[in-house]
Structures are given as structure tokens and as C-alpha cells.
Amino acid sequence: MPLKTSWVTSANSADHPFPLNNLPYGVFSQGDDDPRCGVAIGDMILDLRAAEENGLVVLMEEPLFEAPYWNDLMEQGPAVWTALRNRLTDLLGEGSPAQAALHACMVPQSDAQMHMPIVVSEYTDFYASRNHAFNVGTMFRGPDNALPPNWLHMPIGYNGRASSVVVSGTDIRRPWGQVKSPKHDLPAFQPSRRFDFELEMGAIVGTPSEGPVTVQQADDMIFGYVLLNDWSARDIQGWEYVPLGPFQGKATATSISPWIVTKAALEPFRTDTPPREFALLDHLKDCGPMLYDIDLTVTLTPAGGAAQQISRTNYATMYYSAAQQLAHHASSGCPMTPGDLLGSGTVSGTEPDSRGSMLELSWGGQEPMQIGEATRSFLEDGDRLTLSGAAQGDGYSIGFGRCTGVILPAQPDPFAETKG
Ligand code: CA
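Keep in mind the model is a prediction, meaning the values are calculated, not measured. Each chain has its residues counted from 1, following the order in which its sequence is written. The model is predicted, so local features are restricted to residues of pLDDT at least 70 and side-chain atom pairs to those at 80 or more, both for listing and for counting; the totals for chains, interfaces and linings are taken over all residues. The side-chain numbers reported here are obtained from all heavy atoms of the structure, hydrogens and water having been left aside.

Draft legend 1. A look at the overall build of the protein. Secondary structure is summarised from DSSP: a helix means a run of H or I of at least four residues, a strand means a run of E of at least two, and numbering begins at the N terminus for each. In terms of helices and strands, the protein carries 10 helices and 26 strands. Taken over C-alpha atoms, the radius of gyration comes to 22 Å for the protein, in line with the 22 Å a tight globule of 420 residues would show. If you line up the protein on its principal axes, its C-alpha atoms span 70 × 50 × 40 Å. Relative to all contacts within the protein whose residues are 6 or more apart in sequence, the contacts with residues 24 or more apart total 71%. To be clear on the numbers: accessible area is Shrake-Rupley with a 1.4 Å probe, and residue cover counts the displayed protein chains and nothing else. About 17,800 Å² of surface is accessible on the protein, with carbon and sulfur atoms providing 52% of the total. Atoms counted for the radius of gyration: C-alpha only. Globule rule: 2.2 Å times the number of residues to the power 0.38. Contact criterion: two residues are considered in contact whenever any of their non-hydrogen atoms come within 4.5 Å of each other.

Okay, structure coming up:
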């Protein structure tokens, strides 16, 4: 499928992230106006609340874009998702008769502030990159026991906190937490000294389930994908994680990119999961290509320094798809809801420069990275960490935009007054 052209001419270039083929969904505000739903086209945003009020986008009798989040639209299901995408493709396509009427609904992205695109109902994070699981397991347990015994049979994960999910651009404050002290037998409560990022994709569930679902049904439930950074305090995580898994080490914040790239936009980029070492149980078996060929990069910018790319990998390297994660999640009868966010797990490739966390890139701090004049094993205060992603089509690109955050210093001791 070639580049589809739009009357918004900035959208008509091979390397622009938001051509007519993409049409990603976000929530934006301009000046002091209320946030509202919008769709990105080139360097502009179509204000969907205004377009709906003006009768240009009318999908149902009741309005779908009154609220500043996409949950209302998602809950309508795939037929309405398709109807909206078709309507927007017509409205924004080259030669559209609605062009003059739409001008009053267009906002430059440079004037817009982005907000959370959805109300996150629940957040679960998985661990689905074999390379990442092998690297981390090797550091913690040695290469012979790197993969847990369950790993090749199901996509393992943990329940995270919906309240911790923030939109790209939100500053991230270094957390305090309980860590194992290297010098003493007793643990200490202190600011994390091994604060890290995790390069992930997030899948957004659009429709609910009330019992087990097949992998195909799970894929049909997914509305779209975002970039996701699971900020991780390795020293807190390392002390707390046995036997119940990550808890406070992952609870500070999880950042997502502001634009939801729909599953429909990603259709041309579907890829298969890799060959299976053990056949999966029937309810988790692959039933078609459900991963995506999405290039992912990570840049680190020290305060006052230049941005440097520190990793490049691809979502297609994952062992489990989001559809398999969702099918596994629902297999117990766990109800899944619109706005459920599923983190893929850190995306790491096979090469040292394709690893998706500082823990792996610096090999637990044993091999610090050179970032311009600076060295880094983990993130320092003032560092900006940015994830980017794009699927490359024939003469066009499906971009995810950026997922970025700056590390702020830890707050002063929150319990100083209670100390004797
Ligand atoms: Ca993670």
C-alpha cells in the first residue's frame, strides 16, 4: 500500500510520522481550552470534538467525543473503529469536499499540549522478550538458569498500577525506597541509585471480556499501541522481587507516548513470532502474524549535553504477542476492560547495542556507557530519556512520536521529621 495523500501537505512525505495512512489518536489542549480528542495528520491535529459538533464526524446518535479521552469510542467496538477511520480518511484525503469546512477544526501540533489519551483502567506489565529475560536472568542467576522454567510456556507478567501511568513529557522524580545495603546486614531507605528505563510497547484493550478468549479474539479486542517506558528502580526491585515479583521498584511512574497508533494502521506491518522451542498449549498457540515490524530507538540526553542514541531494536524480536498476553491474562476468567494497558516487557535484540534497558546496556554497571563527556551505568538527575518508534512502509512511515521524560532529583528525606 503506497502513501495516501492528504490536503494537509505536511503529511505527504515519506519520512513524516503522521501521514494519512497513520491517523493516530490523542488528547490535546490549546492555551487554556479544555483537553479534547484529536487525530494527528502531518503537523496538524483535527479537533474531533469540534468536527463532531459541526456535523462532520457523526458515527452514532450520541456524541463520542464530549469527554477528553478515547474510552467512549473504544467501547463501541471494531465496527465503529473502522467507521471512524474510514470517515477520517475521506475527510482528510486529497480532494476532500470537506476541506473548507474542516479548516476551523485544525490546530497546529506546535500549539498543542498533549494529555493522557485514555483513562487507564488497569495496567499489567509482561516480560516477553527472550533476549531481555536471558540477559537479566544471566546477570542474576547465571546463563544456565537464566530463563525461569515457565518462561517458554506462557507470557509471564505482574499487575502494575494504573495510577502510575503518565503521558510523555511528564517529569519523573527519582524514588526513595528500601534497598539492600551493600555495607550492612540491614536494608536502608534511600533514593534509588540504580534508576533505569525499559523500552516497551503498550497494547491498549478496547473491548471487554468476561471469560477466557482465544488469541484471535484477544487480537480483535486490541484498539492500538503506544510506546511505553516502564521506569524501574533496580536496587529497590532487586531486594523486593522474591517471591512476589516487582512492586515498589516499578510503582513510581510508567510513561506512554501521547498518540495511539491503531491496529488498523499497523496491519501492513504484521510479523510472525519466532519458532517455538516447545509447542505452546492450544489456547496460547499462534493463529497468524500478531507481532509488528516496528523500529524502536532510545536516546539519552544528559543535562546540558547532546542527545545520543543508546539502543536500536525492533518489536518483531518479541517471543509473545500482545494478543497472546491478553489471551493468557483472560484465561483465568480475569475480566479485561476498555482502557486496560498491557506492557510488552522490555524489548531487547540480540546485539549489545539493541538492549532495551540501562541494566543490560551497562551489564549491571560493570560496563558503563560513554555518553559524550559523561559516563552512565544508570540514569542521573537531569537526564532526558526518549523512546521513538516507526514502522517503515513503501514510501511512507507510521510513526509513534516520542515518549520522553526528564529525571528530577529525589525529594528531601520524606520521613526526616520522624527520625530521632
Ligand atoms: Ca517492564
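There is more to say after this.
Draft legend 2. Region of the structure containing the domain arrangement of the protein. On domain assignment, one finds that the protein holds domain 1 (9-115) and domain 2 (123-417). Domain limits in this description derive from either an automatic procedure or a database domain assignment. Here the C-alpha centre of domain 2 lies 29 Å away from the C-alpha centre of domain 1. With 26 residues of domain 1 in contact, the opposing surface of domain 2 contributes 24 residues. By buried area we mean how much accessible surface two parts lose on assembly, using a 1.4 Å probe and totalling the loss over both. Surface buried jointly by domain 1 and domain 2 totals about 1,900 Å² across both partners, of which 71% is contributed by carbon and sulfur atoms.

Draft legend 3. Examining unusual backbone geometry more closely. Going from V242 to P243, the amide bond is cis rather than trans, its omega being 0°. Along the chain, P243 falls in the loop between helix 7 (234-240) and strand 16 (254-256). Of note, L23 is a non-glycine position whose phi angle comes to about 55°, a positive value. Mapped onto the fold, L23 is located in the segment before strand 1 (25-30). Positive phi, normally seen in glycine, also occurs at W363, with a value near 45°. With respect to the helices and strands, W363 occurs in the loop between helix 10 (358-361) and strand 23 (369-371). Judged by its relative accessible area of 18%, W363 falls in the buried class. Exposed residues in this analysis have more than 50% of their type's maximum accessible area, buried residues have under 20%, and partly exposed residues fall in between, with area computed by a 1.4 Å probe over protein chains only.

Draft legend 4. Structural view of the side chain of S362. Following the sequence through the fold, S362 ends up in the loop between helix 10 and strand 23. Judged by relative accessible area, S362 falls into the buried class, the value being 0%. Among the polar contacts made by the side chain of S362, one reaches the main-chain carbonyl oxygen of S377 at a distance of 3.0 Å. Those residues in contact with S362 that sit more than four places away from it in its chain are E367, P368, R376 and S377. Think of a polar contact as two N or O atoms within 3.5 Å of one another; within protein, one of them needs to be a possible hydrogen donor and the other a possible acceptor, and neighboring residues in sequence only count if both atoms come from side chains.

Draft legend 5. Fine view of the coordination of the calcium ion. Protein-derived coordination of the calcium ion comes from D125 (OD), E198 (OE), E200 (OE) and D230 (OD), at a distance range of 2.2 to 2.3 Å. Binding-site remark: the calcium ion is held by donors from one chain whose sequence spacing is D-x72-E-x1-E-x29-D. Taken together, the residues E198 in the loop between strand 12 (195-196) and strand 13 (199-205) and D230 in strand 14 (residues 222-230) connect sequence positions 32 residues apart. Here the two residues E198 and D230 agree in accessibility, since each one is buried. A donor here means any N, O or S atom no more than 2.8 Å from the metal (3.2 Å for Na, K and Ca); water is not included, so a site may seem to lack partners.

Draft legend 6. View of the side chain of R174. With respect to the helices, strands and loops of the structure, R174 is situated in the loop between strand 9 (172-173) and strand 10 (176-179). Residue classification places R174 among the buried positions, given a relative accessible area of 9%. Within the local environment of R174, its side chain forms a polar contact with the backbone oxygen of L379, the two atoms lying 2.9 Å apart. Reaching out from R174, the side chain makes a polar contact with the side chain of D381 at a distance of 2.8 Å.

Draft legend 7. Highlighting the packing of aromatic side chains. Two aromatic rings, drawn from Phe, Tyr or Trp (for Trp, its six-membered ring), form a pair once their centres lie within 6.5 Å of each other, and the interplanar angle then sorts them: stacked below 30 degrees, edge-to-face above 60, tilted otherwise. Taken as a whole and judged by the stated rule, the model has 15 aromatic pairs. Seen from their ring centres, Y25 and W70 are 4.1 Å apart, and the 10° between their planes marks the pair as stacked. In this pair, Y25 sits in strand 1 while W70 sits in the loop between helix 1 (48-53) and helix 2 (71-74), placing the two residues 45 residues apart along the sequence. An identical accessibility class is assigned to Y25 and W70; each is buried. An angle of 80° between the planes, with centres 5.1 Å apart, marks the rings of Y319 and Y320 as edge-to-face.

Draft legend 8. Here's a closer look at the nonpolar core. In terms of nonpolar packing, the biggest core is built from 67 residues, with F197, Y225, W231, I294, I310, Y315 and L385 touching the most fellow members. Here this core gets five residues from one element, more than from any other, and that element is helix 9 (residues 322-330). As used in this record, nonpolar core signifies buried Ala, Val, Leu, Ile, Met, Phe, Trp, Tyr and Cys residues forming a set joined through side-chain atoms within 4.5 Å. By size, the runner-up hydrophobic cluster in this structure holds 43 residues, among which are A11, L20, V80 and Y123.

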